[in-house]
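# Close look at the chain arrangement
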Amino acid sequence: MSNTHNDKKRKRSRSDDQLAPAVGPHVIQWLGKRKKKVPDALSADKNNHMQMEQILRLLALKERERRALVRYVEKRIDEDMNGGPMKVELQDSDGEYDGNNSAAAASHHHKQQELWPASVTFSNNYDWEPSVPADMKEKYYPSNKIRQRANHFSRNVYFKRITDKDHPAYGEFGLYCALAHAKPGQWLLDYVGRVTLGEDQNTKSDYVSDFGEHSELACDANVLGNEARFLNDFRNTGKYPNVEFNFRRDRNGEFRQGVYVKQVKEAKEKGFDGIKQDEELLVSYGKSYWKSRVDGGDLTEFVWRLPNQPMPPGGKPN
């Protein structure tokens, strides 16, 4: 995930799953921050010939650490390509979470509340685990400035059951645009959950996202969160991702993970100009997410429908 959605300052774009060749120095830097030993073979690679897959085979990392390392290196390479660190944008989108007593808002809230899973606590506020060191929490959650957000459903999106039998998440929930037109780069809502140290994350949860400037934390919406937990991956839908996760800080300095409409130059869909009302919001979970869930980590068989492609003969695989 990127540290900003201010793509106007970016000169080049890359796929989320690609890495530039010279990754060694960034890997060494990441290992140093985590106080992990640098393999001798990596230290000896002065000309930076080693590729990411080679380096990952050298390192005894848990799957979550592998994902964090890959994303860290992607960010650093982005900075190299674009002339320096990208800043976390200060954006005040708190109004979305303020109370709204209109009849339309009350009706929307009631309809969404009826669908909300009983096993999940709804919240627009991050729940920080006590195990996160106080100084680290203060860096992202300045306690003397934070305002609590109203726990009502978003006016920008809505969720519902997926009734299309060809959809890979048929029968599950999906997240949809409630606006007449969500423009490229527009903030929609934040991905919210319980924040833990990365090494303490629930490895069985399907709702974990990296969190923090160096992916040293994890945000899990498995048992607490808002509608953003219903974002589906674009794979096998026949569509391209139209939203992305980007970090932001609000006007009080709180670090939050926003869901933004993709910028035109970042979108792969030809003629992309934003998201229309009732269109499903789709994101890329990243290859590492699926590789850890597919037998053998081979996605060749897993991906059975590409974007802009019709359903394969015989329909969706069983």
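How each quantity is defined
Residues numbered from 1 in each chain as written. Predicted model: local features only at pLDDT ≥ 70, side-chain atom pairs only at ≥ 80, totals over all residues. Heavy atoms only, no water. Helix = DSSP H or I, 4+ residues; strand = E, 2+ residues; numbered from the N terminus. Contact = heavy atoms within 4.5 Å. Areas by Shrake-Rupley, 256 points an atom, 1.4 Å probe, with all protein chains shown as cover. Salt bridge = Lys/Arg side-chain N within 4 Å of Asp/Glu carboxyl O. Buried < 20%, exposed > 50% of the residue type's maximum accessible area, 1.4 Å probe, protein only. Pairing = 2+ DSSP bridges.

### Brief notes about the overall build of the protein
A tally of regular secondary structure across the protein gives seven helices and 15 strands. If you take every contact in the protein between residues at least 6 apart in sequence, the share linking residues at least 24 apart comes to 75%. Within the structure as shown, the protein displays about 16,000 Å² of accessible surface, and the carbon and sulfur contribution to it stands at 48%.

### Observations concerning the pattern of salt bridges
Note that side chains of opposite charge can pair when their charged atoms are close. Within this structure, the stated rule accounts for 12 salt bridges. A salt bridge links Lys37 to Asp40, with the shortest nitrogen-to-oxygen separation between them at 3.8 Å. Taking relative accessible area as the criterion, Lys37 reaches 64% and is therefore assigned exposed. The exposure class assigned to Asp40 is exposed, which follows from its relative accessible area of 60%. It is possible to trace a salt-bridge network through shared partners that takes in Arg149, Asp190, Arg248, Asp250, Glu254 and Arg256.

### Details of the sheet that holds strand 8 (residues 208-211)
Spatially, the four strands line up as an open sheet ordered 2-7-9-8, and their pairing is mixed. The sheet terminates laterally at strand 2 (127-128) and strand 8, the two strands that pair on one side only. Pairing geometry for strand 7 (residues 194-197) and strand 9 (residues 217-220), over four bridges, is antiparallel. Within the sheet, the bridge partner assigned to Leu197 lies in strand 9 and is Leu217.

### Structural notes on the pairing of strand 8
Every second residue of strand 8 is oriented toward a common face, with Val208 and Asp210 on one face and Ser209 and Phe211 on the other, all of them buried. Taken together, the four bridges between strand 8 and strand 9 define a ladder with antiparallel strand orientation. Note that in strand 9 the partner of Asp210 across the bridge is Ala218. Linking strand 8 back to strand 9 in an antiparallel pair, the connection comprises five residues, with Gly212 at a positive phi of about 100 degrees.

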